[in-house]
Amino acid sequence: MHRSDWEGVLGVVGPVALEYLNSLPTRRVYPDGGHPEVKAALDHPLTDDGVDPVQVVAELARDLAPYITAHASGRFFGFVIGGLHPASWGAELLVSTWDQNAGLFPPTPGVAVAEELAAQWLIDLLHLPPESSVGFVTGGQMANFTCLAAARDEVLRQTGWDVEADGLVGSPGVTVVLKEGVHSTVLRALRFLGLGERSAVLVPCDNQDRVLPQALERTLEAVSGPTIIAVECGNVNTGAFDDFDSVADLADRHRAGGNPTWVHVDGAVMLLAAAAPSMSRHVKGLDRMDSWSTDGHKLLNVAYDCGVAICRNPAAHRAAMSVQASYLEQGTGARDPMDWNPEFSRRARGVGVYATLRSLGRSGVAALVDRTVSHAQRFAQALEVSDRAQVVNDVVSNQALVRWLAPDGDHGRLADRVMAGIRAEGLAFFSGTTYRGERLMRISVSDWATDTDDVDRVAQALLRHAEQGSI
Ligand SMILES: *Cc1c(COP(=O)(O)O)cnc(C)c1O
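Residues numbered from 1 in each chain as written. Predicted model: local features only at pLDDT ≥ 70, side-chain atom pairs only at ≥ 80, totals over all residues. Heavy atoms only, no water.

### A look at the sheet that holds strand 4 (residues 227-232)
Taking strand neighbours across the sheet as the criterion, the seven strands line up as 1-7-6-5-4-2-3 in an open arrangement whose pairing is mixed. Looking at strand neighbours, the two that pair on one side only are strand 1 (133-137) and strand 3 (201-203), the edges of this open sheet. The sheet shows a mean angle of 20° between the axes of neighbouring strands, taken without regard to direction. With five bridges connecting them, strand 6 (residues 291-295) and strand 7 (residues 307-311) associate as antiparallel partners. Of the residues in strand 7, the one forming a bridge with Thr294 is Val308. Its contacts with the sheet put helix 5 (residues 109-125) on strand 1 and strand 7, and the angle it makes with strand 1 is roughly 120°. (Pairing = 2+ DSSP bridges. Helix = DSSP H or I, 4+ residues; strand = E, 2+ residues; numbered from the N terminus. Axes fitted to C-alpha atoms, helices over the stretch in contact; angles between N-to-C directions. Contact = heavy atoms within 4.5 Å.)

Structure (structure tokens):
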């Protein structure tokens, strides 16, 4: 390895990166080629003597380029995939270049403070309690895990049980109250936390997958002792918001009845709505919850991977995550990132949040939310005026659910044909879901780069695929 390798590598990567990013508005969204082709392209022998780094990077760019999915294209509407904000991209390049191990403040004061400010800005922007603590984790999954770990520890602590020291064996039980159809990452977090998926009590929802307050009330009346409740800010299928004020009232009453209670909100899809004045009626009471998880890499358009765990009770958050070791430099008074997330060594993934928030500004964040919502509604209208599609949900945020109407009545098969057709064409990417037993197509608009032309063009193409798929 030589010092001059840096220049050689950047000389290769710079033009490739620019060519890729500039091609996003026009390039295919989904690549051609299956596993055998990709493997054949990449499967160089691992040699004894190695290969020059410039050559490796040049060949990596060449070999992989044909098989990259354009997640940051404005025409990617699958899952809940955010785009790439230019400020985040630049910040991530710097973070990679500086190669900081951002676990503690003393070895990495620069990026630690950038994360501290990003945390403060988020709390402020989302109108959450100012005392709240923030952990930058890898995604919504780990944000749910982090918040639910704090929840588990705190509700047990209030019964006098120290789960951090003594574990769960022999502890008073914790009742976890979730919504029917809860996101799989919440169940997975329960698994990691030793609470188990099957221990959860599932509360029925209305036809938009919002928890029914009366049903939650009945459930809470039937349970006692330490209780964790989890609701949603933006359901992954319908984009709907739970009635946070009702949930908070019920939790307060449960707590007043002597039951240690913690309410968590999975806000992976739409916690950012709290930053948009136009969405205020949907997020009323959101600030009365105990913890909130969200993703930087979804609606905020920060690069992968970036999630955010926020807790009203910093002591509980820190107690669940922090660890002391004799050889570390801790307790300097400055914020140590590792006190708030489960990772030890870690990438400074909050720096992308800092850069993106600073670039967008308050009204930029609000406009980003508004734009994705209006694009989802525009899609819904364009499809519904045809007699080929029905929109199944009330499009209140950036998610729409589409039933493709097949002449032969097999709507699920037509949905799969439409999605496969447009994916093969390369114009756009959609993914499906099974919603209340029915196969549907989802539309998820989560990219700053999507514009009305994209929506109109893709909506027409979808209708064309529906026509072809109906023959
Ligand atoms: C995406 C998502 C998650 C998981 O987030 P990751 O960033 O993929 O870990 C959790 N909950 C909901 C509702 C989501 O949409």
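Having seen it, we continue.
### As for the nonpolar core
Counting residues in hydrophobic clusters, the biggest one holds 55 residues, and the most contacted among them are Leu126, Val231, Met270, Leu286, Ile310 and Val353. Elements represented by at least two residues in this core include exactly helix 5, strand 1, helix 9 (213-221), strand 4, helix 10 (244-256), strand 5 (261-266), strand 7 and helix 12 (350-384). Broken down by element, this core gets its largest block of residues, eight residues, from helix 12. Residue assignment places this core across two domains, with domain 2 (91-357) and domain 3 (362-470) each supplying three or more. (Core = buried A, V, L, I, M, F, W, Y, C linked by side-chain atoms within 4.5 Å. Buried < 20%, exposed > 50% of the residue type's maximum accessible area, 1.4 Å probe, protein only. Domains from an automatic or database assignment.)

### Describing the site of the ligand
Residues in close proximity to the ligand total 13 residues, the closest being Gly140, Gln141, Asp266, His297 and Lys298. Interatomic distance of 2.7 Å between a side-chain N/O atom of His297 and an oxygen atom of the ligand. Protein chains shield 84% of the accessible area of the ligand, which is 380 Å² for the free molecule. Tallying contributions element by element places helix 6 (residues 140-157) first for the shell around the ligand, with three residues. Taken together, the residues of the shell around the ligand break down into three nonpolar, seven polar and three charged. (Near = heavy atom within 4 Å. Polar contact = N/O pair within 3.5 Å; in protein donor to acceptor, adjacent residues only side chain to side chain. Areas by Shrake-Rupley, 256 points an atom, 1.4 Å probe, with all protein chains shown as cover. Nonpolar A, V, L, I, M, F, W, Y, C, P; charged D, E, K, R; others polar.)

### Focus: the domain arrangement of the chain
Each domain of the chain was delimited in the assignment, giving domain 1 (6-68), domain 2 (91-357) and domain 3 (362-470). A straight line from the C-alpha centre of domain 2 to that of domain 3 covers 30 Å. Taken together, the two surfaces of domain 2 and domain 3 that pack against each other cover about 2000 Å², and 54% of this comes from carbon and sulfur. Per-residue buried area on domain 2 facing domain 3 is highest for Asn237, Leu299 and Asn301; these three make up 27% of the total on that side. In this assembly, domain 2 and domain 3 are joined by two salt bridges. (Buried area = accessible area lost by both parts, 1.4 Å probe. Salt bridge = Lys/Arg side-chain N within 4 Å of Asp/Glu carboxyl O.)

### So, the UniProt feature "modified residue: N6-(pyridoxal phosphate)lysine" (unreviewed entry) in the chain
Look at the UniProt record and you will see "modified residue: N6-(pyridoxal phosphate)lysine" (unreviewed entry) annotated at Lys298. For Lys298, the position within the fold is in the loop between strand 6 and strand 7. For Lys298, a relative accessible area of 14% corresponds to the buried category. Not counting residues up to four positions away in its chain, the partners in contact with Lys298 are Val80, Gly82, Ala268 and Ser446. (UniProt positions renumbered as here; feature names shortened; annotations may be inferred.)

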